[in-house]
Amino acid sequence: MFYCAVSPFRFSVAVTAVLAAGLASIPALCQNAGAAVPSSAPGLRVFDPSLIDTTVDPCNNFYRYSCNGWFKRNPLPADQASYGRFTELHELNRLHLRQILEQAAVPSSTRSANEQKIGDEYASCMDAEAVNKLGLAPIKPELDRIAALQSSSELPALLAHLHSIGVNAFFSLGSNQDFADSSNMISFYNAGGLGLPERDYYTRTDAKSIEQRQQYVALVSKMFTLAGEPGAQAAKDAETVLAIETRLAKASLTITEQRDPQNLNHPTDVAAFEKELTHFSLADYVAAAHAPAAGKVNDSEPSFFAEFNALIADTPIEQIRTYLRWHLLHAYAGTGLPESFDHESWNFYSHILNGAEKQQERWKRCTSRVDRELGEALGQAYVAKYFPPAEKQRTLEMTLAIEQAMDKDIDGLNWMSAATKVKAKEKLHAVMNKIGYPDKWRDYSTLEIVRDDSLGNEMRARAFESARDLAKIGKPVDKGEWEMTPPTVNAYYDPQMNNVNFPAGYLQPPFFSGLEGDAANYGDMGSTIGHELTHGFDDEGRQFDRDGNLRNWWTKKDEKKFTERAECMVKQYDAIEAVPGVHLNGKLTLGENLADLGGLWLAWLAWLDKAEAAHLDMATKMDGYTPDQRFWIAYAQQWCTQTRPEQLRSQAQGDPHAPDEYRTNTVLQDLPEFAKSFSCRKPAAMVSPKPCRVW
Ligand SMILES: [Zn+2]
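Residues numbered from 1 in each chain as written. Predicted model: local features only at pLDDT ≥ 70, side-chain atom pairs only at ≥ 80, totals over all residues. Heavy atoms only, no water.

Student: Would you explain the state of the cysteines in this entry?
Tutor: By definition, a disulfide links two cysteine residues through a covalent bond between their sulfur atoms. Enumeration over the complete set of coordinates arrives at four disulfides. One disulfide bridge connects Cys125 with Cys366, the sulfur atoms lying 2.1 Å from each other. As the torsion about the S-S bond is roughly -85°, the Cys125-Cys366 disulfide counts as left-handed. You can see Cys125 sitting in helix H3 (residues 113-126) and its partner Cys366 sitting in helix H16 (residues 362-373), a full 241 residues away along the chain. Each member of the pair Cys125 and Cys366 is classed as buried. Covalently, Cys568 is tied to Cys692 through a disulfide, its sulfur atoms 2.0 Å apart. (Disulfide = S-S within 2.5 Å. Helix = DSSP H or I, 4+ residues; strand = E, 2+ residues; numbered from the N terminus. Buried < 20%, exposed > 50% of the residue type's maximum accessible area, 1.4 Å probe, protein only.)

Student: Sorry, what's going on with the sheet that holds strand E8 (residues 492-494) here?
Tutor: Strand pairing in a sheet is mediated by backbone hydrogen bonds. Such pairs are either parallel or antiparallel. Judged by pairing direction, the sheet is mixed, and its four strands sit side by side in the order E1-E8-E9-E7 without closing on themselves. At either end of the open sheet lies a strand with only one pairing partner, and these are strand E1 (13-14) and strand E7 (432-436). Relative to E8, E1 is paired through two bridges, and the arrangement is antiparallel. Of the residues in E8, the one forming a bridge with Ala14 is Tyr492. Those strands touched by helix H18 (residues 389-412) are E7 and strand E9 (499-503), and its axis lies near 150° from that of E7. (Pairing = 2+ DSSP bridges. Contact = heavy atoms within 4.5 Å. Axes fitted to C-alpha atoms, helices over the stretch in contact; angles between N-to-C directions.)

Student: For this particular structure, what's the right way to read the nonpolar core?
Tutor: Inside soluble globular proteins, nonpolar side chains tend to come together where they are buried. In this structure, Phe62, Ile118, Phe631, Trp632 and Trp695 are the most contacted members of the largest nonpolar core, which totals 121 residues. Take this core: its biggest share by element is 11 residues, from helix H23 (residues 590-613). Sequence-distant contacts of Phe62, defined by excluding residues within four places in its chain, comprise Trp632, Ile633, Ala636, Asn665, Leu668, Phe674, Phe678 and Met686. (Core = buried A, V, L, I, M, F, W, Y, C linked by side-chain atoms within 4.5 Å.)

Student: Please clarify how the environment of Leu413 should be interpreted in this entry.
Tutor: Checked against the element boundaries, Leu413 lands in the loop between H18 and helix H19 (418-429). When its relative accessible area of 10% is taken as the criterion, Leu413 is described as buried. Remark: the alpha-carbon pair of Leu413 and Trp695, spanning 282 residues in sequence, is separated by 7.9 Å. Excluding residues within four positions of it along the chain, Leu413 makes contact with Lys421, Val694 and Trp695.

Student: Teacher, can you tell me more about the side chain of Asp371 here?
Tutor: Locating Asp371 in the fold gives a position in helix H16. Here Asp371 is buried and forms no salt bridge, its nearest opposite-charge partner Arg372 lying at an N-O distance of 7.7 Å. One polar contact links Asp371 to Thr485, side chain to side chain, over a distance of 2.7 Å. With sequence-adjacent residues up to four places away left out, Asp371 is seen in contact with Leu378, Thr485 and Pro487. (Lys, Arg positive; Asp, Glu negative; His and termini not counted. Salt bridge = Lys/Arg side-chain N within 4 Å of Asp/Glu carboxyl O. Polar contact = N/O pair within 3.5 Å; in protein donor to acceptor, adjacent residues only side chain to side chain.)

This is the structure we're talking about:
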C-alpha cells in the first residue's frame, strides 16, 4: 500500500522500497525464443567472486566482505540518493525502455495504437522547451476552478474532480477488497493530504526535523511565487499549508500503526459515513466522483475523518483554496510544468530529504513517467523484446521448490500446534504464483495521448487510472491484475489476493540467471521468492486466511508464541543505530525482517534438497568457494548498495525495509548454518549471541 502511486490503498509488501523512492519530483538470459533477446548487461553476475574483499574477515562483516569490490567499482552517481544492485538493473532496464520509446516516438502510419500512445507520451514529456513556453497555461483551468471555490458546500464536487486527476488533497477514495470478504471490491476512504513523506515529519521535535519543516515551508512558498503570488503572500500561504497539514497529520495513524490491518478496518456504509461527515456532503462527493451512492465502504481512519470534518467547518475558505492550490502544483511539479517548478520540487524531495546532488536527466524521468502512466503498454513491448518465456518457466520451478520447502519446514516447527499447522499449510497451498507479466494486458484504448500536450497527457492518464480503479467497486475481483509494471525491479506479496508477484524486469542478472548454478540463484532470487512467501506469514500477513480474508486462524497459544518470537526481532532491529541519533524502528520493519530471515532459510532448505537430489559434491570449490559459500555470498551480493546519509536517515525513519547492510549482516547473524559455512564462532560479530527465529 505504501508504494504504488496509481493505487492509493494497497496492503501488499514489496521486497524493496520502490526504486528511486523520494527521487521522483512527485510523491511513485539465456535461451532466446521468438523475438526475445538476452537482456543481461555484460559483467552483471549473480555470484561474482571478483567483488569479494578477501582482506575483510567474513566472520566480522560479511556485507563488506561480499560487497567491497562492488563499492570500489561503483561510486555513487550524483543523480542517485542511493545506488545498489537493484538500481544497477533498474538503470539497465531504463535504457532498454528508452530504446523502445525512442523508436515508438518516431511518427509513422504503421505504429500500433499502443506504440502511438507510449511514443507520443514520451515525446511530449521530452519537449521541455514547449513545456516551458506554455508556462502555467495548461494548468490554468484547474487553478481557476480552485479560485472559484466560494464555500465549503462546493468543496465535495471540486475535491472529487481534483482526486480524479491525481491531486492528493485531504483524503483519497479507491477500490479495495473488503477485509471481511476478499471476493468483494468496496470503496476505501483513506487518510491523505500531506506534502511531507509521512505524518511524523510534522510531529518530530528534533532539530533536523524542525529544519526540514522550515525547508518545506520555503518550498511551498517558492512554488506559490512561481505561480505568480507576491512574496509576502506566498510566505503567509505556505504557513497556512503547514498548519492545515499538521492538523491532518496529527489525526492520522503513524506508519507503524498502519501496518496492522485491524487498525484500518472500519466497515460502514455510505449512508452512515455520510452522517459522520456533518460538514462535507459525501453524497455530493460520490456523485461527482461517479462512485457508488450506496453500499459498504471502509472508513480506514475514523479519527482522521473526524478531524477532516472539523477542519472543513472551522477553516476559512480562502485557506482551503490555498491548501488545494499547493496540492495541485505539487501534483504536477514534474515534467508537466515548467522546469522551474520541477527543479524546486527535486531540490526539496530528492536533494534536501535524500541527498541526491544532481537531478536525473529528463529522458530518465520521462521513461519512468511512461512506465508509471502506461506501464502495461510499455511493458508489453518490453516483455516481447527482453523476457524469454524460458525465464518464466525457470522462476516458476524455483517458486514451487521453495513452496515445497516451506511445506516441510512447517511440519518441523517445534513451537506451532498441529491445528495451526494445518491452517498454515492450507494457506501456503492456496498461494497463487504470478511471474513476469499479466496474462491479460490492460486496455488503454479510451486514453487519449496528444503529442504536444505534456501536462494534458499526464492529467488524462491519471483520470484514466482513477476511473479504472473506481470502476472495480462492486465487480468481481480480478486476481490476474498486477500492481507493478513488467519492467519493475521489485516483487511483492498481496495478502488479500494471497499471491506472489515477480515482474519480468527483476528476473535477470544480477539476481537470477540461467547461466549460473543453483547455489547462486537460490541464494539470490530464491531468497526473494522465500521472502515474498514468508510475507503471507509475517505479523501482518498472518492475520489473513487462505482466501485473503482478515480472519484469525491461529490458536491463542500459537499466536502468543509467534508474538514472543517476533519480539526478539523487534528488539534486535530497535538496537541498530542507522545514522547518529536515529535508530531503526523494530516494529515498523518487523514484517520485512521476518520475511528476510524466513525467506533466506526457505531458499537454503530448497537448495539443499536440490543439491542432494543432484548428488552435488559439497566440498568441491568453484572460483575458490564451496557451493554453500556461494549460496551465502550470492545472497549478500544482491544487497550491495551505497547510500547517502540523508537517504539513510529517511529510510530509517520511514521505510519498512531495513537498510541493505542489515538485511545482509543481521539476517545472517541469526543463521547458524551460515556461521558453519564460514567457520565463524562466538564471539565473532557475524554470530548472534542470541539468535532470533520465527519461520
Ligand atoms: Zn518484503
